[in-house]
Amino acid sequence: MLMKLTTAFFLPALLLFTFSLSAQPYVVKGVVMTEANNEGISGLSVQLEGTDYSDVTDETGAFRISRITTGGEMNLLITQGSVELYRQVIQVGPSRLLNLGKIRITPSEEGQKAIDEAIPVISLSSDDFDNEIDDQAFSGLLTASRDAFTATSGFTFGFRRFRIRGYGSEDTQYYINGMPINELDNGRISFFNFGGLNDVTRWADAQIGLQATDHTFGGMGGTINLNMRPSNVRKTKRISFSETNGGYRHRVMGTYSTGVLKNGWSIALSGSRRWAEEGYIDGTFYDAWSYYVGIEKRLNRQHSLALVAFGAPNRRGRSASAIQELYDLTGDNYYNPNWGYQNGEKRNARVGDSHQPNILLTHDWTANDRLNLTTTLHYQFGYNGSTAMDWYDFDDPRPDEYNRLPSYIEANSTPEIAELARQKLIENPALLQIDWASFYRANRSNLQTFENVDGIPGNTVTGNRSQVIIEDRRFDTEKLGLNTTLQFSVNDNFNLQAGLNLQSYKTHVFKTVEDLLGGDFYVDVDKFAEGENVTTGNRLEFDSLGTPDLLNPNRLAREGDVFGWNYDINVRNGGFWAQGQYNIDNFELFAAANVSQTQFWRTGYFQNGRFPNNSLGDSEKQKFTNYGIKAGLTYALDGRNYLFVNGTHRTRAPFVRNAYVAARTRDQLVPGLENVTIQGFDAGYYLRSPLYKIRAVAYLTDFKNEAITYSFYHEDLDVVVEGVSEDKFVNYAITNQDRRHMGLELALDVQLMTGLNMKVVAGMGQHTFSNRPNATIINDDDGSILLQDQTLFIENYRIAGQPQSAYNIGFAYRPKGFWSFWLDVSYFHRMFIGINETRRTEAAISYDPRYVDKVDNESTLWREIIDQEQPGGALMLDISARKSFRFGDTFLAINASVNNILDTQDFITGGFEQRRFDFEEKDVNRFPSRYFYGFGRGYFLNLSFRF
């Protein structure tokens, strides 16, 4: 199918190419850049005055006016809307190609306003996103450019978890100053590392999809390069104040930049603070700082050196998903089970705390107008933690535990008793929150004695043993990288790019005791192990199977101590890529290739009692060699209409996060781990004119042979695995999993009248699992395989966590007087709840291990077990406005917006089926799905002063 579609696009282009050889029209091209920071400006209209020959600058500021049949002296006019920015007399002909090179402009205040309003202010923070949500929805903010589709997808759609082409952030390559910053263990982006730095992350070179990219081979979703050099920050003294009702409530941000001084120095400073005692959801809080320091020196006309350091220390109380019964009991679709009252104040048990500073040293060498070399050295370090409750010999302390709910009580008792429980919960909502006082009572009255503490004979300790604690789960990273990129313009028609990247990455994974909650110590024992307590009178010690570290047996952990697990994940990666771009007449062609090698291994610092032989020290190093090719062709029908097609075939190493079945205890690999194969294409049509723009793109991508792992308590394991007599905590490894992403992207942007624009945007995708992968069930007690090659019948099930269709109609009105207004109406639907793969097996519809006596395939129960849940859609209305004032040399801008004016609070933006399933009774409601609801009405008010 891919070959047929590619041929269908390439063949007409080749025929048009043959025809075009008979005519030799003139071509005018160039790049429009700001004088202040040498950055390309997109979305500008470039026209030969008095003619129909025109183009609109792309994301890099480039334009190309082709098929000009009349030569001579003409006026080149550059405008933004109705505002003239630049005018130049040019001579078209006798040479076929007129390359104007870099056109640097210093727009008037009105012109700068027009440019600014065409560039949405990117708010780089994950304030409205919990870690349980895929980061790609948020990363769409970075891709938001002046293109109607990507701008709408990043902002209006993005906050409703829409993902461009259904990809995760691991499918897009992110760069800062030419340096890749995707995490090597899972491919994703830690956006909180540079949250709140709006003023210095404003300019992003975004290439969406498979088109050519000047500084890298590119991901399936494209590439985004943030230019954070201080010379790129506009000369300014700026301070702003914001109020909102989202993840944070207040924000203060300030920026100082010198621009490029006459002596070649550039200095930029920026910082912010965002905070909330409580965010939109009960029990959450936010306390985030951010800082940026940049120093750059243009040594001469050829060399410049930039040093940039930034970071964003932050603490935030998290929310969580919940089952519908809890939302109904509380009457609140934003019920949060993570908090409870302690001494009259709300306390959250799930607190994220991170600070991972980044330092980048960048050298730019511009040998001449044709040759440029950029080299960046990158170092990242710091901590990233998230707290949670841990307990031993204590009932599950989480307030949303299923066996406390009326539905469970009714299933195991009588409707009358269940109704009494329901009324009690409604009358006393505190029963559905964490009971901190009960933990302190239990911990302070649990006096016990332990012998041979820390493995020292005769070392006896008596004290209050904590039964419930707060632990801090840490993922502390350290990364060192070197990236160099060469750009060489061989002639006016042929450009060559190449690059080399080397990275060393280490994640230290461990947990510490954060709070003993009134006790004296916490016994470091693996509660999922099969070891038994050894009791002598009132003295306790644990056998070797329950010991997380045989080097320190009978450990009593106190606050700040490492316990449970302690290991490193090490990754080394190196790669080379090259690309050629060729322009001839109305054709632009490119071809690119890359090759890379990834190596990873685990280093254990604990010798686990269950896995003494494969938990301590360095594991065997795993090596994966990969390659990729991609190519594309664009044909300019005239100066406004373009056809294009791009295609790729590539491989990718498995992410190390999914390579080990349970890295916390051992180095056991997922069986049959192999490279992922990716094939895809995108093709479409662009129309770019001063009055209207059209974008129509089709895409198809196949990801093959992916692996993913889960660990959970397997209910009714004896029904699934013959010969197993009890339930167990298991590792569930899925291999050979394929998925397909296909769809259409449509956008129309029309200038209805001077100052009034309308856009119509649609993203229609079908993102599915495309085969029947295999699963291996592994006993977490000893690593033995309980069941291998279990077939998962998940083909054609939808990938969850996103609306697969989204539509928008929006209006932007910019009258005179420095006013601007925006109105957006959006509709989202075809959301799907994430599936539990174990429910799509023969065991789930059978009553014994031999898979006989199955559920009737025409029954309601059959459909309840196998069908994928699809919540309803939602209509959203958003408005925003901007007004700017000038008082001498001081400029004041006021931005205000209201999202979800209709206050829709029943829109399920995501959710998942729980891993546990009642295999014996087939009761699909015993462990119901958990949901996320989109926020209701929200507002944002910002005042900024520029001096």
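Residues numbered from 1 in each chain as written. Predicted model: local features only at pLDDT ≥ 70, side-chain atom pairs only at ≥ 80, totals over all residues. Heavy atoms only, no water.

Another point: the side chain of Ser290. Here Ser290 shows up in strand E15 (residues 286–298). According to the relative accessible area criterion, Ser290 is buried, its value standing at 6%. Of the polar contacts made by the side chain of Ser290, one reaches the side chain of Ser272; its length is 2.5 Å. If we skip the residues at most four places from it in the chain, Ser290 touches Gly195, Gly196, Leu197, Ser270, Gly271, Ser272, Gly311 and Ala312. (Helix = DSSP H or I, 4+ residues; strand = E, 2+ residues; numbered from the N terminus. Buried < 20%, exposed > 50% of the residue type's maximum accessible area, 1.4 Å probe, protein only. Polar contact = N/O pair within 3.5 Å; in protein donor to acceptor, adjacent residues only side chain to side chain. Contact = heavy atoms within 4.5 Å.)

Bringing the pattern of salt bridges into the picture now. On inspection of all chains with the given rule, the structure shows 49 salt bridges. Asp171 is the partner of Arg739 in a salt bridge, and the nearest nitrogen-oxygen pair spans 4.0 Å. Here the residue Arg739 occupies a position in strand E40 (residues 728–753), and Asp171 occupies one in the loop between helix H4 (148–157) and strand E8 (173–176), the gap between them amounting to 568 residues. Taken individually, Arg739 and Asp171 each receive the classification buried, so the pair is uniform in this respect. Residue Lys511 pairs with Asp390 through a salt bridge whose shortest N-O separation is 3.9 Å. Of the two residues, Lys511 is situated in strand E28 (residues 494–515) and Asp390 in strand E24 (residues 383–391); the sequence distance between them amounts to 121 residues. In this pair, the class of Lys511 matches that of Asp390, namely buried. By sharing partners, the salt bridges in this structure join Asp526, Arg610, Arg664, Arg666, Asp780 and Asp781 into a single network. (Salt bridge = Lys/Arg side-chain N within 4 Å of Asp/Glu carboxyl O.)

Of all 9 residues that make up strand E1 (residues 26–34), 7 are buried, and the element is covered over most of its length. Bridge analysis of E1 against strand E4 (residues 62–68) gives 5 bridges, and the strand direction is antiparallel. Residue Val28 lies in a different strand from E4, and its bridge partner there is Ile65. Where E1 and strand E7 (residues 97–105) come together, 7 bridges link them in parallel fashion. By the bridge assignment, Val31 is partnered in E7 with Lys102. (Pairing = 2+ DSSP bridges.)

A residue-level look at the protein chain finds 90% of positions with pLDDT of 70 or above and a mean pLDDT of 87. Within the model, pLDDT remains below 50 along residues 118–145, and this stretch shows 102 contacts once partners closer than five positions in the same chain are excluded. Note that pLDDT drops below 50 for residues 531–539; the model gives that stretch 15 contacts with residues more than four away or on any other chain. (pLDDT = per-residue confidence, 0-100.)

The next thing to look at is the packing of aromatic side chains. Summed over the entire model, instances satisfying the criterion amount to 28 aromatic pairs. Measuring from centroid to centroid gives 5.5 Å for Trp819 and Phe821, while their planes differ by 5 degrees, and the two rings are stacked. Its relative accessible area of 35% is what places Trp819 among the partly exposed residues. Look at Phe821 and you get partly exposed, because its relative accessible area is 35%. Three or more aromatic residues joined by ring pairs form one cluster here, namely Tyr174, Phe191, Phe194 and Phe310. One Lys or Arg, Lys346, reaches over the ring of Trp339 and ends 4.8 Å from the middle of that ring. Between the NZ or CZ atom of Lys630 and the centre of the ring of Phe217, over which it lies, the distance is 5.5 Å. (Phe/Tyr/Trp six-rings, centres within 6.5 Å; stacked < 30°, edge-to-face > 60°. Lys NZ or Arg CZ within 6 Å of the ring centre and 35° of its normal.)

With antiparallel pairing, 4 strands are arranged side by side in an open sheet as E3-E2-E5-E6. Both edges of this open sheet fall to strand E3 (54–56) and strand E6 (83–92), since each of them pairs with a single strand only. Along the sheet, successive strands turn relative to each other by an average axial angle of 15 degrees, direction set aside. Relative to E6, strand E5 (residues 72–80) runs antiparallel, the two sharing 9 bridges. In the strand pairing of E6, Met74 is matched with Ile90. (Axes fitted to C-alpha atoms, helices over the stretch in contact; angles between N-to-C directions.)

The strands that make up a sheet are held in pairs by hydrogen bonds between backbone atoms, and each pair lies either parallel or antiparallel. As summarised here, the arrangement of the 3 strands in space is E18-E49-E48, forming an open sheet in which the pairing is antiparallel. The sheet is open, and its two edges are formed by strand E18 (322–323) and strand E48 (908–912), each paired on a single side. Sheet topology places E48 next to strand E49 (residues 930–933); 4 bridges connect them, and they run antiparallel. In the strand pairing of E49, Gly910 is matched with Phe932.

Another aspect to go through is the environment of Leu326. Structurally, Leu326 can be placed in helix H5 (residues 324–330). Residues Leu326 and Gly43 lie 283 residues apart in sequence; the distance between their C-alpha atoms is 48 Å. What Leu326 contacts, discounting residues up to four positions off in sequence, is Tyr335, Asp400, Leu405 and Leu432.

What follows covers a positive patch on the surface. Judged by side-chain charge, Lys506, Arg572, Lys621 and Lys623 come together as a positively charged surface patch. Considering the arrangement of structural elements, one finds Lys621 in the loop between strand E35 (617–618) and strand E36 (622–636). (Patch = residues over 30% accessible without salt bridge, like charges linked within 9 Å, V, L, I, M, F, W, Y side chains within 5 Å. Areas by Shrake-Rupley, 256 points an atom, 1.4 Å probe, with all protein chains shown as cover. Lys, Arg positive; Asp, Glu negative; His and termini not counted. Charge placed at Lys NZ, Arg CZ, Asp CG, Glu CD.)

The nonpolar side chains of a soluble globular protein tend to be buried with one another. Tyr732, Leu786, Ile865 and Phe919 are the most contacted members of the largest nonpolar core, which totals 28 residues. Contributing elements (two or more residues each) for this core: helix H9 (717–720), E40, strand E42 (774–779) and helix H10 (860–866). Dropping the residues within four chain positions of it, Ile865 is found in contact with Arg839, Arg840, Ala844, Ile845, Val855, Phe917, Lys922 and Val924. In this structure, Ile164, Ile181, Phe194 and Val200 belong to the second largest nonpolar core, which totals 21 residues. (Core = buried A, V, L, I, M, F, W, Y, C linked by side-chain atoms within 4.5 Å.)

Turning next to empty space enclosed by the protein. Enumeration according to the criterion identifies 10 cavities of 30 Å³ or more in this entry. A volume near 840 Å³ is recorded for the largest cavity. Together, 41 residues line the largest cavity, and Gln173, Asn573, Asn594, Ser596 and Arg652 are the ones closest to its centre. When contributions to the lining of the largest cavity are tallied by element, the ones reaching two or more residues are E8, E28, strand E33 (562–584), strand E34 (587–604), E36 and strand E37 (641–652). Here the lining of the largest cavity is composed, by residue class, of 16 nonpolar, 20 polar and 5 charged. (1 Å grid on protein atoms, 1.4 Å probe; cavity = no way out; pocket = protein on both sides within 12 Å on 5 of 7 lines; lining within 4 Å. Points joined across faces, edges and corners; volume = space filled by probe spheres on them. Nonpolar A, V, L, I, M, F, W, Y, C, P; charged D, E, K, R; others polar.)

Its identity is not glycine, yet Asn177 carries a phi of approximately 50 degrees, on the positive side. Here Asn177 lies in the loop between E8 and strand E9 (179–180). In the Ramachandran plot, Asn343 falls in the positive-phi region, its phi being about 55 degrees despite a non-glycine side chain. Looking at the element boundaries, Asn343 is found in the loop between strand E19 (339–342) and strand E20 (345–348). Residue classification places Asn343 among the exposed residues on the basis of a relative accessible area of 77%.

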